[in-house]
Structure formats: structure tokens, C-alpha cells
Amino acid sequence: MNGKEFTVSEVVDHLGVNGHTWLMFFLMIFAMIFDGYDFMVVNTTNLFVAHTFWPDNPNPGALMGSLTTWGLLGMVLGGAVGGIMSDKIGRKKMLTIAVIFYGLFTLPQAFANDLVFFAAFRLIAGFGVGSCIPIVTTVFSETIPSKQRGVFVTIGMAGMVAGWVLAGVIGNPICNTATPIIGGFTNEVTYLNADGSSATMYANWRLCYLIGALPIIYGIVLHFFMHETPHWYANAGRMEEACKALNHLQRSAGQEETHFDPKLLVVPPKPAKTSPNILFSKKFIVPTAAIWTAYFVGQFCVYGMNAWLPTWFKGIGYTPSEAVALQTWNNVAAIASNCCVGFVADRIGRKRNLAFSWIFCIVAIVICSVFVVPNNFGLSIALMLLFGFALNYAITAVQPLMPESYPTAIRNTGVSWCQAFARFGGSASSIVLGGIAGMAMFQTAEGATNWSSVVLVLIVPFVLGFICCFLFVKETGGKSMDELAGDGRTDASDTGMTNFIIMLIVIAFLFITCIVCPLAVQDWSKNPIALPLMAVGVLLPFVYFFIFATPYRKAYFEK
């Protein structure tokens, strides 16, 4: 650039939104739609899958909740590994592999007749789903100009929620069809109702998982049309390819190509090590605390309630079709909130926006708990629109902060490990809420679950989210990725390994108390120590960050 040093961010910001921006936007959007469908198809079909797997059990409880959990556990592992691999082999290669992978392993789920077979392939497919989301977030952050970054990142997440809606729109009529859609394949099932009567259905839910194999084709599309980000090329030391990628951006913007001298391309200093433990070093533990706690809260509440919304409404008298329809309306509102949150974040800042979102969620939870009633479908739609908008606004408000918290060398590792940890919240929440729902204090006189009372439990994590936002979140809006990266170097002696090991122990305790015990111990929720242990498991990560991150707040905020 006329013999002057330059950075990738300077070129991206100078060119603004262009043809390449929109190409990457739509490629990422469709990747997220397929990803969202794959996740939500379980919550859309779980009532029907449960009738198929446990026809003699009218209330499978935690077992039914685990249908969602297996995919989320796979997402935990996939996100952790996929993020590291994306930083090593590139965004394009890893995303293409991930999309094809989860499409390929969703297909066998259509043929499942028991939990073991279904859970195994759900777990494996989750590897790909978990890798996809953080890569897409990272690609957006490295492709979009600084001023529009928040908007594009959050609207990109709307693609995932659009996939949730499609899962409901497609799955609801398929699952509720009273005749076999494919004879022999969609077998007849006779199951028990809670009142002791029996009913008959056809396992048409299997078709929803056949549709879930379409990402195999989309992965091929990504291979031919997606471009690697110049940020990744530059950080990998492939300066000539980074410059060629910048020339491609110029052509897409309708500008004449400039000769970019690879020797003049400046890359911000990066950490000496890029393994996950560096996220817990003194330099990065405060931003790690900020996004890990916030996203954990969001995943716990959004994924936990999505798993149980159809059961809630069916329990107060709505038909299975109406219950799934209300869940779908909840997700329609989520699309709207995802589109709005980025505009607000770019105008008032990331921290204010996130703090507002927690308060908004508490208000929405109280309103829905008080006013949800049977036999008023219109009111329930309105409440689910509010509920879906508020909860998904909060979880999406965290998205721009993730890639902005770390330099390029560990950006996708940081984003993916944040999302992997948070998915323990999502994995545990469907089981924890199912266990809480079975406790005597949340039962009506007739022996049914009072879900309106269970919903109020979500106030606790949202209050914690607000406190953590106040303590750990630093404003990052409007700054270029290179400005945010700053001097990414760390003290060679400060690897964060001790803190990292302690966090792994905390996660293991969460996993055992909130996932393993409810699934392995019969009537776990009725055990008097169950609730205290699960509460400690969920709250311990927050205690960890209060202890280990608070001492470094001042130094981090003064940078």
C-alpha cells in the first residue's frame, strides 16, 4: 500500500461491505440454518421419539430430557476440538468438514429403535454441529468491517434460530400425520398415556432425520464457494496468500487492485502458546470469565426451556401439535431478537446491551409464569413471542464479545471453548429442569408438574449473568480486530495451566452431578441430596471465576 505498513483490518474496514461480504454472509447463514435444524429437530420430535423408545412409560422424565443432552455433549467435544483445528488448518477446511460430518451422522438416527443407537449417533453428529457455530462466528468477525461487525454476527446467529423454526415447521406436520408416510419405515407405535389409556401413532418422526442429512450436499457447496479469511492466512504466516485474499476483496468491492507487499503486512503479536490453557492466563482470564459465564447462563436457559416447552403446554391441556406450534412461535421471536440485538449493540455498546438483556429476561420470565393459562392459544402465542425474544436476545448479546475477546491466533479456540463450556449448561439444563419438575414442591395437587413455577427458577441464573456482566465485561464495540488484539503476547511463565486444570475439575463435577447422576441413578431427583448437589454443580463455575478472575480485573480494564 504505497510502501506503507498495513494490517488486514485496515483493508477490510476501508473496503466496507462488498460483494465478498455478502457471499460469506449467505454461505454462513445457510450453514447456521442447517446447524439449527439439526439441533432443534430433537426438541421438535422428542415426544414422538419417547413414545417409540418407551411405549410403556408415559412419563420418561430425565430419559426424555437426555435425547437433547447427547447431541449437546457431542457439541461440547466437537466445539473444543474443532476450534483448535480451525486455528491450525483454517476456517474453510474445518467448516466444510464439520458440515458434512454432522449431515452424515444425522442420517442413521432415522433408523433408531432404542436410546443407545440414537444417543450414539446423536453424540457423534454433535461433533460436527459443535464445530460449526464457533467457526461461523469467527468468520464473521474476520470478514465484516468493524462498524457493522455486531450486526452481521448477531444476524448470522439468526440463521441458526431460523433452522430451529424450520425444524418445527417441517417436523410438526410430519410427526402429527395420522397415517404412515413411508410404509414399513414409519412403523406403528402403541403407547401409554399418563391416565393409563393407550393411543396409536406412526413413527413419521424418522423422516425429519432423513432431511437432516442434507448438509452433506451443502458441505460440497462450501468447498467450492467459501474463501479462507485473510486474517487466518496472515496469522499463519502465509503473507502472500493473505495479500491475494485482500486483492479478491478489492475486486469484490469494485476497486482496482493494489499491490500489497507481503513484507509490509503487520500482524499483531500473538501468544507464544495457543493451547486452551492460555485462556486462563493472567492476560485472558477476565475476558474468559466474561464470555464463559454469560454464555453459560444463556445456554442453560434457552436450551433447557426449548427442550421442555412442548411438555409444558401439553401438560396444561394443549394438543401435541399446538404445543410444538407454540415452541415454533417462541423460535420465530428468537429470529427477530437476533436481528435486533446487533443493531443495539453497535449503538449503545456490548456491555450495556448485555446488562439490559438480563433485566429484560427476568421481567419476561415473571410475566410468562404468571399469565400462561390453558385454553387461550392466542395469549400463549403472545407470551411465547415475548419469552423467545427475551431469552434469545440475551444469549445473542454475548456473540459479538466472543471473537472480540481474543487475538487471531487463539480466536477460534477461545470462541469454541467458550461455547463448549456453555453447552455443559445446555446439556445439564434439560436434565436439571426435568429433575426439578419431578420434585414434590413443583407438583400440583393432581400430581402434574407446575411448569409455571419451574420457569421462575431461571431468574437465578439471569441474576448471576447480570452480576458477571458488571464485573467482567469490557466494552469492545467499534474497534477493529487488530486494535482489540493489541499485544497478544503473554508471559512465557504464565501459561494458565493451574487455573485450567482447576476449571476442568469444576466442569467434571458439573458433569457428574447434573448429567451422569440423573441418568445413572434411579429416581435421582427424589434423593434429598440431589437438588443441593445439582445446585452446587451449576453454581461452582461462577464461584471459580469470582475467585480467580476478580484479582486481574483492574489490570484488564486499564489496558
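This section reports on the structure supplied with the text.

About the thresholds
- Residues numbered from 1 in each chain as written.
- Predicted model: local features only at pLDDT ≥ 70, side-chain atom pairs only at ≥ 80, totals over all residues.
- Heavy atoms only, no water.
- Helix = DSSP H or I, 4+ residues; strand = E, 2+ residues; numbered from the N terminus.
- Rg over C-alpha atoms; globule rule 2.2 N^0.38 Å.
- Buried < 20%, exposed > 50% of the residue type's maximum accessible area, 1.4 Å probe, protein only.
- Contact = heavy atoms within 4.5 Å.
- Axes fitted to C-alpha atoms, helices over the stretch in contact; angles between N-to-C directions.
- Parallel < 35°, antiparallel > 145°, perpendicular 65-115°, else oblique.
- Left-handed = near helix turned anticlockwise from the far one by under 90°.
- Core = buried A, V, L, I, M, F, W, Y, C linked by side-chain atoms within 4.5 Å.
- Pairing = 2+ DSSP bridges.
- Nonpolar A, V, L, I, M, F, W, Y, C, P; charged D, E, K, R; others polar.
- Patch = residues over 30% accessible without salt bridge, like charges linked within 9 Å, V, L, I, M, F, W, Y side chains within 5 Å.
- Areas by Shrake-Rupley, 256 points an atom, 1.4 Å probe, with all protein chains shown as cover.
- Salt bridge = Lys/Arg side-chain N within 4 Å of Asp/Glu carboxyl O.

### Notes on the overall build of the chain
No. 1: Within the chain, the secondary structure is distributed over 22 helices and two strands.
No. 2: What you see for the chain is a C-alpha radius of gyration of 23 Å, in line with the 24 Å of a compact globule of 559 residues.
No. 3: For the chain, the residues scored as buried account for 59% of the 559 residues in total.
No. 4: When contacts within the chain are restricted to residue pairs at least 6 apart in sequence, those whose partners lie at least 24 apart make up 83%.

### Some thoughts on the packing of helix H18 (residues 459–472) against helix H21 (residues 530–548)
No. 1: Two elements in contact, H18 and H21, have axes separated by 12 Å at closest approach and are oriented at 20 degrees. On the basis of their axis angle, the class for H18 and H21 is roughly parallel. Where H18 crosses over H21, the handedness of that crossing is left-handed. Along its contact with H18, which presents Leu464, Ile467, Cys468, Leu471 and Phe472, the element H21 presents Leu539, Phe542, Phe545 and Phe546.

### With respect to the nonpolar core
No. 1: Of all hydrophobic cores here, the largest spans 163 residues; its most connected members are Trp292, Phe387 and Phe462.
No. 2: Looking at which element gives the most residues to this core, the answer is helix H11 (residues 285–315), with 20 residues.
No. 3: Once residues within four sequence positions are removed from consideration, Phe462 is found in contact with Val297, Cys301, Trp358, Cys361, Ile362, Ile365, Leu391 and Ala394.

### Describing unusual backbone geometry
No. 1: You will see that Asn375, though not glycine, has its phi angle at about 60 degrees, which is positive.
No. 2: For Asn375, the location among the structural elements is in the loop between helix H13 (350–371) and helix H14 (377–397).

### Considering the side chain of Ser369
No. 1: Note on placement: Ser369 falls in helix H13.
No. 2: We classify Ser369 as buried; its relative accessible area is 10%.
No. 3: In this structure, Ser369 is in contact with Ser452, Ser453 and Leu456, ignoring residues within four places of it in sequence.

### Side note on the side chain of Asn277
No. 1: Here Asn277 shows up in the loop between helix H10 (239–252) and H11.
No. 2: Residue class for Asn277 comes out buried when judged on its relative accessible area of 6%.
No. 3: For Asn277, the residues in contact, after removing those within four places along its chain, are Thr495, Gly496, Met497 and Phe500.

### Points about the pairing of strand S2 (residues 198–202)
No. 1: By the bridge criterion, five bridges tie strand S1 (residues 188–192) to S2 in an arrangement that is antiparallel. Within the sheet, the bridge partner assigned to Tyr191 lies in S2 and is Ala199.
No. 2: Here S1 folds back onto S2, and the loop between the two strands holds five residues, one of which, Gly196, carries a positive phi near 95 degrees.

### Considerations on the packing of H11 against H14
No. 1: Packing of H11 against H14 brings their axes to within 8 Å, and their N-to-C directions diverge by 160 degrees. Here H14 runs roughly antiparallel to H11, going by the angle between their axes. Every pair of crossing elements has a handedness; the one defined by H11 and H14 is left-handed. Of the residues in H14, those touching H11 at Tyr295, Gly298, Gln299, Cys301, Val302, Met305, Leu309, Trp312 and Phe313 are Ser380, Met384, Phe387, Leu391, Asn392 and Ile395.
No. 2: For the contact of H11 with H14, the per-class residue count stands at 11 nonpolar, four polar and no charged.

### Let's talk about a nonpolar patch on the surface
No. 1: Among the surface-exposed residues, Ile359, Val363, Val366, Ile367, Val370, Phe371, Val373, Leu379, Leu456, Val463, Phe466 and Ile467 lie close enough to one another that they form a single nonpolar patch of about 900 Å² accessible area.
No. 2: For the nonpolar patch, the secondary structure elements donating two or more residues are H13 and H18.
No. 3: At six residues, the largest contribution of residues to the nonpolar patch is made by H13.
No. 4: Relative to the helices and strands, Phe466 is located in helix H18.
No. 5: For Phe466, a relative accessible area of 35% puts it in the partly exposed group.

### Considering the environment of Leu15
No. 1: Of note, Leu15 is situated in helix H1 (residues 8–15).
No. 2: Remark: the alpha-carbon pair of Leu15 and Ser252, spanning 237 residues in sequence, is separated by 9.3 Å.
No. 3: Sequence-distant contacts of Leu15, that is, excluding residues within four places in its chain, are made with Leu246, Leu249, Gln250, Ala253 and Gln255.

### With respect to the pattern of salt bridges
No. 1: Summed over all chains, the structure comprises nine salt bridges.
No. 2: Of the charged contacts, one joins Asp38 and Arg122 as a salt bridge, the two residues approaching to 3.3 Å between their closest N and O atoms. With Asp38 in helix H2 (residues 19–53) and Arg122 in helix H5 (residues 115–143), this residue pair connects regions lying 84 residues apart in the sequence.
No. 3: A relative accessible area of 3% means that Asp38 is categorised as buried.
No. 4: In this structure, the salt-bridge partner of Glu404 is Arg350, at a minimum N-O distance of 2.6 Å. Of this pair, Glu404 sits in helix H15 (residues 401–404) while Arg350 is found in helix H13, placing the two residues 54 residues apart along the sequence.
No. 5: Via salt bridges that share partners, Asp87, Arg91, Glu142 and Arg411 belong to a single interconnected network.

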